[in-house]
Amino acid sequence: MSIPSKYDAKKVEQKWYHYWIKHQYFQSKPDNRTPYTIVIPPPNVTGVLHMGHMLNNTIQDVLIRRARLKGKNACWVPGTDHASIATEAKVVAKLKEKGIEKNDLTRDEFLAHAWEWTHEYGGVILNQLKKLGCSCDWDRTKFTLDDDMSESVISVFVDLYNKGLIYRGYRMVNWDPKAQTTLSDEEVIYEEQQGHLYYVEYNIEGSSDRLTIATTRPETILGDSAICINPNDERFSHLKGKKAIVPLCNRVIPIIEDEYVDMEFGTGCLKVTPAHDENDKILGDKHKLEVIDIFNPDATLNSFGLHYEGQDRFEVRKQIATELKDQGHLVKIENHTHKVGTSERTKVVIEPRLSDQWFLKMEDLAKPALEAVLEDESIRLFPKKFNNTYRHWMENIRDWNISRQLFWGQQIPAYYYGDSKDDVVVAKTKEDALKLAKEKSKNPKLTAEDLKQDPDVLDTWFSSWLWPISVFDGIRNPNNDEINYYYPTNDLVTGPDILFFWVARMIVAGFEFKGQKPFENVYLTGLVRDKQRRKMSKSLGNSPDALKLIEDFSADGVRVGLLLSSAAGNDLLFDEALCQQGKAFGNKIWNAFRLIQGWKVEPIDQPEYAQKALDWYDAKFQQILTEIEDQFNKYRLSDALMAIYKLVWDDFCSWLLEMIKPEYGQPIDETSHKKVVHLLEQNLKILHPFMPFLTEEIWHYLKNRTPESALVVASWPQTKDYNAQLLHNFEITKEVISGIRNLRKQKQIPFKTSVEMQVLNKAKYTTQYDGLVAKLGNISQIKYVDASVDQAFSFRVGASDYFIVADIDLDVEAEISKIEEELRYTEGFLKSVQNKLSNQRFVTNAPEQVVANEKKKEADAIAKIETLKSSLSGLK
RNA sequence: GGGUCAUUAACUCAGUUGGUUCAGAGUGUUACCUUGACAGGGUAGAAGUCACUGGUUCGAAUCCAGUAUGACCCACCA
């Protein structure tokens with residue numbers, strides 16, 4: 001079988017992905033193995049893969065592939081989210097291009113367009129995940145608007161309504177004037193903006209006095225229903241009980257008193273606009289003020305806006321300022337920075353607005369979810385610092401506005417049978433609703449036509465909070481085999497930006513609807529940023545094209561690149577150079593494999609050095625294996641990968657292969673070859689979760705494999721005890737070899753020139769590796785001596801001296817000064833150790849172990865000084 | 001305004017209960033090497049007042065207090 005000298009990632013990756021799918025390795029069905037389950041954070045159905053997804057899903061794939069290798073029944077459930085606002089906005093925009101307005105369509109017509117769009121673009125992102133190598137069970141792919149998923153959502157709504165946890169309320173909500181829907185508090189992003197503080201004068205009724213208020217939103221004065229002063233503010237005591245006149249519209253409004261007003265801010269006078277500010281609403285309720293809504297749903301002014309009717313709020317703000325100025329009501333304008341709420345999806349400024357919405361009471365629901373994370377820690381967040389954030393949110397949780405004024409989503413199963421808002425019933429189907437309506441209205445003559453379903457749909461998160469349950473049909477069929485087997489799932493991998501949107505709510509839903517946590521561990525990744533630390537975003541154009549990256553660096557390379565520097569919770573500064581490093585690593589492995597496979601194998605005796613080297617690597621592998629087990633348990637994937645990287649590159653390639661490599665043109669013995677192939681296979685196994693394609697390719701080149709023995713379903717290496725002393729001795733051997741190389745370089749002794757070495761070494765604990773030292777140092781002979789060797793170059797490792805006898809003039813002066821320098825350093829070191837030891841408080845207070853160590857350091861230093869002195873006198 | 005976390009080499013980060021060479025890794029950089037797996041390579045080296053100030057301790061990158069800078073989260077100051 002001929003092996004290509006260049007690794008063709010594109011071809012290989014396609015080949016093996018097909019192979020894995022064909023042999024159904026990613027499929028999972030309940031059986032008697034332990035399950036290991038991950039549900040994917042469903043991406044937007046019409047989205048495309050970005051760097052965040054790449055990172056996220058690479059991590060999930062690493063975890064799931066490792067679990068599969070460890071013999072678990074690994075199940076990774078993929079799917080997409082209908083993302084109501086985002087998708088609806090895209091559909092609306094697309095229709096607009098065709099000259100179609102959303103308002104001209106019926107609900108069903110609009111939904112038909114939306115589904116068409118979904119079918120056209122939906123799933124693109126899932127195909128991109130396949131390119132990345134993700135080993136999802138594609139037969140389980142779910143969409144949050146699938147019929148069964150929707151049924152689950154509706155049934156949960158009805159259930160919560162019947163429990164009295166869902167209510168309809170007339171409240172101040174966050175209104176997105178562009179999408180023309182409400183948003184939950186979590187969907188509002190507060191951004192600091194440079195604005196102005198307008199000082200506006202109001203006339204006082206029946207007086208020539210005037211008062212000045214400060215406002216950031218002068219356009220809302222048309223909706224003013226009071227002026228508020230602090231009762232303790234003596235500056236305004238003469239105004240108590242009087243009335244003010246709103247400029248422009250000349251409406252007469254009361255001057256009320258409330259301690260809410262901050263006397264320090266602005267003028268100490270506050271205008272009250274209950275329809276357009278949450279605090280004003282509270283004040284308004286308290287003082288029974290009129291509520292004057294001056295906006296249309298798209299944030300243009302309505303008839304209360306007088307001559308500004310139909311114009312946009314920000315346009316009106318400018319014009320009204322001018323008009324106020326012209327009429328002598330504007331005192332001054334100051335610059336003022338403040339936080340403005342914007343829509344997470346459409347980016348427009350949120351308008352606080354009073355409207356009827358559906359809410360879910362969260363307080364009681366949150367309790368078990370809070371305990372699970374913070375008290376019994378049955379759910380663990382990685383990194384742990386998010387516990388605090390989680391606690392704060394959960395303890396201050398507010399009711400969740402779950403209704404959206406959109407078409408794309410599950411329509412709220414509430415049916416009105418009369419003119420009043422209270423003439424409402426909630427049921428899974430219209431038939432059930434009719435039954436209930438007849439009872440409630442005591443009107444048996446009601447027909448289905450009399451029922452009008454609430455036009456709103458549910459917040460998308462109200463479907464995705466059920467995800468770990470509903471993908472296994474655990475809502476509709478609470479005790480089916482799948483949910484019983486797979487739930488609770490094991491790990492959840494997602495970004496901290498949706499900790500509240502999704503993670504916290506899933507935990508709530510898990511306890512409420514399943515009586516159990518939805519997952520054990522939550523791995524929160526960082527944000528992917530560019531080299532300048534800017535967040536990657538479409539608008540900045542700094543986000544690389546995911547598929548292009550895979551094209552350029554191979555899927556394996558990109559995976560390694562992403563993971564190399566992505567400790568959980570830390571932002572990842574993405575740099576293509578990392579992918580390049582990943583790709584180079586792949587190349588290194590490929591070439592190591594080619595070397596091994598290229599050797600001629602013959603049934604000759606195994607040289608001793610080869611056996612020693614292979615035994616050493618065996619132990620080294622075990623050491624690293626143990627280490628990465630620990631790192632995986634702590635979700636330190638980056639560290640685990642780095643440990644493997646160094647194991648393969650440094651220990652396997654640079655040391656082991658160099659040590660067992662036969663002379664050029666010579667064969668290798670069968671025993672060694674068999675063993676090194678085995679060790680390579682072990683490496684491939686632990687590499688496979690990170691670099692699935694390359695490893696599978698080499699795995700099949702090494703031996704003929706049946707589909708059952710593919711690497712993807714191989715077994716993870718067993719951890720065994722290893723000889724730590726052996727590893728320690730070998731490290732010393734490495735130092736000796738480095739010493740030789742170093743000395744050759746300094747003295748310009750070419751590697752091809754074989755030299756003799758003499759060793760002054762009382763312990764002789766590394767003599768077993770003399771063969772290796774001879775091979776890698778090109779040493780003709782190693783002799784052990786009892787005294788320093790004159791006329792030789794020397795170096796020192798530990799307490800031993802190594803002398804290289806070469807036929808080259810020795811610069812005695814240089815040797816002497818080198819030794820003298822080391823002598824000075826060692827004497828200084830000895831002095832500091834002895835100082836410490838003569839400190840009575842140290843000796844009495846420090847633990848025995850530490851004192852003993854210091855004493856050993858002292859003894860070593862004394863011994864070293866002795867040998868240094870003797871070589872010095874030898875040279876002189 | 002409240003809170004959380006961070007600050008270690010040129011860059012990105014480890015450093016687990018204070019005590020073994022604990023001042024580390026990867027990248028970059030420097031010098032040299034390189035026809036026989038791999039220049040996407042090899043060998044060797046340089047590089048840090050562990051943000052600052054004080055404290056606790058025999059001993060502090062590590063614990064405590066404060067300061068500075070940055071990031072993030074939360075909150076209704078017009």
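Keep in mind the model is a prediction, meaning the values are calculated, not measured.

Moving on to the packing of helix α2 (residues 51-69) against helix α17 (residues 555-564). Contact geometry for α2 and α17: axes closest at 10 Å, N-to-C directions at 95 degrees. The orientation of α2 relative to α17 falls into the category roughly perpendicular. On α17, the residues touching M51, M54, L55, T58, I59, D61, V62 and R65 of α2 are V558, R559, L562 and L563. Its residues placed into classes, the contact of α2 with α17 shows eight nonpolar, one polar and three charged.

A few words on a nonpolar patch on the surface. A cluster of nonpolar residues, V48, Y121 and V124, forms a patch on the protein surface that exposes about 230 Å² of accessible area. Residue placement: V48 occurs in the loop between β1 (35-39) and α2.

In terms of nonpolar packing, the biggest core is built from 192 residues, with L360, F462 and W465 touching the most fellow members. Looking at which element gives the most residues to this core, the answer is helix α20 (residues 637-660), with 15 residues. Ignoring anything within four residues of it in the chain, the contact list for F462 reads V153, V156, F157, L160, I166, L360, W400 and I402.

Once that is clear, we can look at the protein's contact with RNA strand B. In the vicinity of RNA strand B lie 53 residues, with D262, F265, H392, N587 and W649 positioned nearest. The sugar-phosphate portion of RNA strand B accounts for 56% of its atoms within 4 Å of the protein, the bases making up the rest. Measuring from a sugar or linking oxygen of RNA strand B, one finds a side-chain N or O atom of Q581 at 3.1 Å. Contact between RNA strand B and E658: a base nitrogen at 3.1 Å from a side-chain N or O atom of the residue. When contributions to the surface near RNA strand B are tallied by element, the ones reaching two or more residues are β8 (210-215), β13 (330-343), α10 (386-395), α18 (576-598), α20, α23 (724-747), α26 (840-845) and α27 (848-875). The element best represented in the surface near RNA strand B is α18, accounting for nine residues. Residues belonging to the surface near RNA strand B are distributed by class as follows: 19 nonpolar, 16 polar and 18 charged.

Turning our attention to the sheet that holds strand β23 (residues 519-524). Pairing within the open sheet is parallel, and its three strands lie in the order β15-β23-β22. Strand pairing shows two members of the sheet lacking a second neighbour, β15 (380-382) and β22 (489-494), which therefore form its edges. With strand direction ignored, the average angle separating the axes of adjacent strands in the sheet is 15 degrees. Two elements, β22 and β23, share five bridges in a ladder whose sense is parallel. Directly across from D491, in β23, lies its bridge partner N521.

A word on the confidence of the model for chain A. For chain A, per-residue confidence averages 90 on the pLDDT scale, and 98% of positions sit at 70 or higher. Predicted complex metrics record ipTM = 0.95 and pTM = 0.93.

A cis amide bond, omega -5 degrees, links F382 with the succeeding residue P383. The residue P383 is located in the loop between β15 and α10 in this model. That bond from Y487 to P488 is cis: its omega, -5 degrees, falls within 30 degrees of zero. Tracing the backbone shows P488 in the loop between α14 (481-486) and β22. The phi dihedral of Q24 is positive, around 55 degrees, even though this residue is not glycine. With respect to the secondary-structure elements, Q24 resides in the loop between α1 (9-22) and β1. A relative accessible area of 45% places Q24 in the partly exposed class. Of note in the backbone geometry, N250 takes a positive phi value of approximately 55 degrees without being a glycine. Taking relative accessible area as the criterion, N250 reaches 54% and is therefore assigned exposed.

This part covers the packing of α17 against α20. Between α17 and α20, whose axes approach to 8 Å, the crossing angle comes to 120 degrees. The pairing of α17 with α20 is recorded here as oblique in orientation. Residue-level contacts link V560, L563 and L564 of α17 to S638, L641 and M642 of α20. In terms of residue class, the contact of α17 with α20 is built from five nonpolar, one polar and no charged.

Moving on, we come to the packing of aromatic side chains. The full count for this structure, using the stated rule, is 39 aromatic pairs. Judged by centre distance (5.7 Å) and plane angle (55 degrees), the rings of W400 and F462 are tilted. Within this pair, whereas W400 is found in strand β16 (residues 400-401), its partner F462 is found in helix α12 (residues 461-464), the two being separated by 62 residues in sequence. A relative accessible area of 0% places F462 in the buried class. Taken together, the aromatic side chains of F157, Y161, W358, W400, F462, W465 and F513 make up a single cluster linked through ring pairs. Here the guanidinium or amino end of R66 rests over the ring plane of W716, the centre of that ring lying 5.0 Å away. Over the face of the ring belonging to W400 we find R505, whose NZ or CZ atom lies 3.9 Å from the ring centre.

Cut-offs and rules
- Residues numbered from 1 in each chain as written.
- Chains lettered and ligands numbered in written order.
- Predicted model: local features only at pLDDT ≥ 70, side-chain atom pairs only at ≥ 80, totals over all residues.
- Heavy atoms only, no water.
- Axes fitted to C-alpha atoms, helices over the stretch in contact; angles between N-to-C directions.
- Helix = DSSP H or I, 4+ residues; strand = E, 2+ residues; numbered from the N terminus.
- Parallel < 35°, antiparallel > 145°, perpendicular 65-115°, else oblique.
- Contact = heavy atoms within 4.5 Å.
- Nonpolar A, V, L, I, M, F, W, Y, C, P; charged D, E, K, R; others polar.
- Patch = residues over 30% accessible without salt bridge, like charges linked within 9 Å, V, L, I, M, F, W, Y side chains within 5 Å.
- Areas by Shrake-Rupley, 256 points an atom, 1.4 Å probe, with all protein chains shown as cover.
- Salt bridge = Lys/Arg side-chain N within 4 Å of Asp/Glu carboxyl O.
- Core = buried A, V, L, I, M, F, W, Y, C linked by side-chain atoms within 4.5 Å.
- Buried < 20%, exposed > 50% of the residue type's maximum accessible area, 1.4 Å probe, protein only.
- Near = heavy atom within 4 Å.
- Polar contact = N/O pair within 3.5 Å; in protein donor to acceptor, adjacent residues only side chain to side chain.
- Pairing = 2+ DSSP bridges.
- pLDDT = per-residue confidence, 0-100.
- Phe/Tyr/Trp six-rings, centres within 6.5 Å; stacked < 30°, edge-to-face > 60°.
- Lys NZ or Arg CZ within 6 Å of the ring centre and 35° of its normal.

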